[in-house]
Amino acid sequence: MGLFGGKSSGGESGSGAARFPRHSSGWVHLIKHMQSEESLRVLDFGPTSAGNINFVTAMGHSIYMANLIDDAQSADYRLPSVDSQPAEFDVDKFLAENLDFQGRIFDVVLLWDTLDYLPKELIQPVADRLYEVMSPGGQLLAFFHAGAAPGAIAQGKATEETALCRYHLTNTDVLELQRVDGRNVLQTQTNRQAEATFHRYSNFKSFLAKDNLREVVVTR
């Protein structure tokens, strides 16, 4: 489980790759919340980002990081196939080993586009698990690849629009994206499907974007 607080325990993934800016209305919404509150607990998904750690701690908040995407591809979480049926995903084992936060409760979750890269069996359980570890009124930011072509997804072809990126925080309305590797999205969700995924949450706010990323902020 790649969870830690305060500082990185390893090198920053993709540190040599170029970064490119992207306007984010969802981040604008969330940074205002973070600037108006004190001592928040922030959960940031994705490869290690020393910049994100420094950014959040400089605001007076604590940060914890988790990266689910690589672990979700492991054969360790595939149950043995029965009667020639495809192997099922061991959701309970995955949640226990990767989303056990040892009693920590979070006020802000930066989920980014993690759900698009997870096996479909994990999407709802992960959303529900995050609900359980968020404080009432806590906010979660998620992205979805609205424009990904079904053919490219089926063939596992990563494009500029669907390749896995690390999201780096800035003190503006712009995020800095950094391509991590050639991993492609496994599926996409419509706005209605995303709203259904977060049905347990008290509020769902969607932001229009000019590119192929749909942004949502949900409130616990």
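A.B. asks: Summarise the pattern of salt bridges; cite the residues concerned and give the values.
C.D. replies: Applying the stated criterion across every chain yields a total of seven salt bridges. When the shortest N-O distance is used, the salt bridge between Glu-132 and Arg-129 registers 3.4 Å. Placement of the pair is Glu-132 and Arg-129 together in helix H5 (residues 120–132), with a separation of three residues, close to one helical turn. You can call Glu-132 partly exposed: its relative accessible area is 44%.

A.B. asks: Report on helix H1 (residues 25–36), specifying residues and quantitative values.
C.D. replies: Two residues of an α-helix separated by three or four positions point the same way, owing to the 3.6 residues in each turn. Counted at 1.5 Å a residue, the expected span for H1 with its twelve residues is 16 Å, and the 17 Å between its end C-alpha atoms agrees. Within the sequence span of H1, burial applies to Gly-26, Trp-27, Leu-30, Ile-31, His-33 and Met-34. Take H1 and look down its axis: the buried residues cluster within an arc of 155 degrees, on one side only. Turned more than 90 degrees away from the buried face of H1 sit Lys-32 and Ser-36, all of them exposed.

A.B. asks: Tell me about the confidence of the model for the protein chain, residues and numbers included.
C.D. replies: With 85% of its residues at a pLDDT of 70 or more, the protein chain shows a mean pLDDT of 87. With pLDDT under 50 throughout, residues 6–11 is counted as low confidence; its partners more than four residues away or in other chains account for nine contacts.

Calculation notes
Residues numbered from 1 in each chain as written. Predicted model: local features only at pLDDT ≥ 70, side-chain atom pairs only at ≥ 80, totals over all residues. Heavy atoms only, no water. Salt bridge = Lys/Arg side-chain N within 4 Å of Asp/Glu carboxyl O. Helix = DSSP H or I, 4+ residues; strand = E, 2+ residues; numbered from the N terminus. Buried < 20%, exposed > 50% of the residue type's maximum accessible area, 1.4 Å probe, protein only. Expected span 1.5 Å × (residues − 1). Arc of directions from axis to C-beta. pLDDT = per-residue confidence, 0-100. Contact = heavy atoms within 4.5 Å.

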